[in-house]
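What follows is each chain in one-letter form.
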Amino acid sequence: MRVLVLQHIACEPPGVYEDVLNERGATIHRVELDEGEPLPDWRAFSAIVAMGGPMSVNDEGELPWLRAEKAFIAEAVHAGRPFFGACLGVQLLAASLGAEVVEGPAPEVGLLPVSLTEAASTDPVFAGLPRELLSLQWHGDTFSLPEGAVLLASSPAYPNQAFRWGGYAYGIQFHLELSREMAAEWTRVPAYADSLASVLGPGSATALVDQLAAHADELRAHGRRMFERWLDLAAVAEPMLDLASSAD
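Residues numbered from 1 in each chain as written. Predicted model: local features only at pLDDT ≥ 70, side-chain atom pairs only at ≥ 80, totals over all residues. Heavy atoms only, no water.

Re the overall build of the chain
Inference 1: Across its full length, the chain holds 6 helices and 9 strands.
Inference 2: Here the chain has a C-alpha radius of gyration of 17 Å; the compact-globule value for 248 residues is 18 Å, and the two agree.
Inference 3: Considered along the principal axes of its C-alpha atoms, the chain spans approximately 60 × 40 × 35 Å.
Inference 4: The contacts of the chain with a sequence gap of at least 6 include a subset with a gap of at least 24, amounting to 73%.
Inference 5: With the model as given, the accessible surface of the chain reaches about 10200 Å², and the carbon-plus-sulfur share is 53%.
Inference 6: Put simply, the chain has 15 plus and 34 minus side-chain charges, and the middle of one group is 6 Å from the middle of the other. (Helix = DSSP H or I, 4+ residues; strand = E, 2+ residues; numbered from the N terminus. Rg over C-alpha atoms; globule rule 2.2 N^0.38 Å. Contact = heavy atoms within 4.5 Å. Areas by Shrake-Rupley, 256 points an atom, 1.4 Å probe, with all protein chains shown as cover. Lys, Arg positive; Asp, Glu negative; His and termini not counted. Charge placed at Lys NZ, Arg CZ, Asp CG, Glu CD.)

What follows is the structure, encoded as C-alpha cells:
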C-alpha cells in the first residue's frame, strides 16, 4: 500500500497513525505543503492522510497552495480514494466537498470528551469505541457537514467533530495521534504557545503537556484502533480502484 501524507507543519506528523502504517508495511510519501513541496498525482497512491496545521483552510490569499490542495482532495475523494483527515485535515475534507468552514464561537482547546453518535455505533471505523471519547482539542474553526455526510461525533461547543462521506472518506476534528513528546514540541511553536496562553492562560502549556502525558496511552490506543479499521477499509478499496484503473 502506498500512502500519501499531507503535512502542513513539520511538528504535526501522523504520530501513532504513522506507527500503524509502518507496521502494515506501507510505503509513505510525505508532502510538506507549507514548505512549498508540490502535490503528486493522487492516482499513484492507495490512500491519503491529511494532518493538522496552524492555518485556516480559508487562508488562500496568503497561502495559495490551499486552493490547489482542496481541489486535489475533492478530485481524489470523488473518485473513491480512501482519505483520513485530522483537525485541519477534516476541515480540508469538508471544504473540498462544498461545506463551509468558519471561525467558531470560541477556541476549543484542551483534553476534552467527544460524544459518538448513534451512527458511529454501526460505523466500520468507529464501532466499539467508547461513546464518550477523550480527545485533545486544539482549534478555533468549525465546519458544516457536506451533503451526504454521516455525523459520527460531537461536542457541546462544536457539534460537528467527525464525519464519514461515502464509503472511505473520514475526518476527525480532534487529535488522538499525539505522544507527550509531540505535544511538548507543539508548545514550542510560537503560534501554538500564543494560542494556548490566550485561551487557557499563562503557563498552560506545561499543564497541558502534563495532562496529556497522563492520558497519552489512552488517546493513542483509541487512535490506533480507529486508524487500523480505516486502513482495513482502504485495503478493501484498493483492488476495486485497481480494477477501475485497468478499465480506464
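What about the sheet that holds strand β3 (residues 47-50)?
Strands in a sheet are paired, the pairing made by backbone hydrogen bonds, and the direction either parallel or antiparallel.
Inference 1: Read across the open sheet, the 9 strands follow the order β2-β1-β3-β4-β9-β8-β7-β5-β6; overall the sheet is mixed. Looking at which strands have only one partner, the edges of the open sheet turn out to be β2 (27-32) and β6 (132-143). Strand-to-strand twist across the sheet, computed as the mean angle between neighbouring axes with direction ignored, equals 20 degrees.
Inference 2: Two elements, strand β8 (residues 162-165) and strand β9 (residues 169-172), share 4 bridges in a ladder whose sense is antiparallel. Bridged to Ala162 within β9 is Ile172.
Inference 3: Lying on the sheet, helix α5 (residues 190-200) is in contact with β5 (101-116) and β6; it crosses β5 at an angle near 80 degrees. (Pairing = 2+ DSSP bridges. Axes fitted to C-alpha atoms, helices over the stretch in contact; angles between N-to-C directions.)

A short note on the nonpolar core
Inference 1: If you look at the biggest cluster of nonpolar residues, it comprises 52 residues, and the most contacted ones within it are Phe126, Ile172, Met226, Phe227 and Trp230.
Inference 2: With 11 residues, the top contributor of residues to this core is helix α6 (residues 204-247).
Inference 3: Once residues lying within four places of it in the same chain are set aside, the contact partners of Ile172 are Tyr17, Phe84, Gly85, Ala86, Cys87, Val90, Phe126, Gln161, Ala162 and Met226. (Core = buried A, V, L, I, M, F, W, Y, C linked by side-chain atoms within 4.5 Å. Buried < 20%, exposed > 50% of the residue type's maximum accessible area, 1.4 Å probe, protein only.)

Focus on unusual backbone geometry
Inference 1: Notably, Cys87 is not glycine yet its phi reads approximately 55 degrees, a positive angle.
Inference 2: Given the relative accessible area of 6%, Cys87 is considered buried.

Points about the pattern of salt bridges
Side chains carrying opposite charge are able to pair once their charged atoms draw close together.
Inference 1: Scanning all chains against the criterion turns up 11 salt bridges.
Inference 2: One salt bridge in this structure joins Arg30 and Glu18, with 2.7 Å as the shortest N-O distance. One end of the pair, Arg30, is in strand β2; the other, Glu18, is in helix α1 (residues 16-23), with 12 residues separating them in the sequence.
Inference 3: What makes Glu18 buried here is its relative accessible area of 17%.
Inference 4: Where salt bridges share partners, they join Glu23, Arg224 and Glu228 into one cluster. (Salt bridge = Lys/Arg side-chain N within 4 Å of Asp/Glu carboxyl O.)

So, the pairing of strand β4 (residues 83-86)
Inference 1: The two faces of β4 match: Phe83 and Gly85 on one face and Phe84 and Ala86 on the other face are all buried.
Inference 2: When β3 meets β4, the two strands line up parallel, connected through 3 bridges. What sits directly across from Ile48, in β4, is Phe83.

Section: the packing of aromatic side chains
Inference 1: Tallying each qualifying case throughout the model produces 7 aromatic pairs.
Inference 2: Geometrically, the ring pair formed by Tyr17 and Phe84 is edge-to-face, given 5.2 Å between the ring centres and 70 degrees between the ring planes. Of the two residues, Tyr17 is situated in helix α1 and Phe84 in strand β4; the sequence distance between them amounts to 67 residues.
Inference 3: The class of Tyr17 is buried, set by a relative accessible area of 0%.
Inference 4: Residue classification places Phe84 among the buried residues on the basis of a relative accessible area of 1%.
Inference 5: For the pair Phe227 and Trp230, a centre-to-centre distance of 5.3 Å together with 40 degrees between the ring planes defines the contact as tilted. On the criterion of helical spacing, the pair formed by Phe227 and Trp230 is a turn pair, its members being 3 residues apart in helix α6. (Phe/Tyr/Trp six-rings, centres within 6.5 Å; stacked < 30°, edge-to-face > 60°.)

Description of the packing of helix α2 (residues 65-78) against helix α3 (residues 88-96)
Inference 1: Interaxial distance between α2 and α3 falls to 8 Å at its minimum, and their mutual angle equals 70 degrees. In this view, α2 runs roughly perpendicular relative to α3, as classed from their interaxial angle. On the side of α2, the interface is formed by Leu66, Glu69, Lys70, Ile73, Ala74 and Val77, while α3 contributes Leu92, Leu93, Ala95 and Ser96.
Inference 2: Across the contact of α2 with α3, the residue classes tally to 7 nonpolar, 1 polar and 2 charged. (Parallel < 35°, antiparallel > 145°, perpendicular 65-115°, else oblique. Nonpolar A, V, L, I, M, F, W, Y, C, P; charged D, E, K, R; others polar.)

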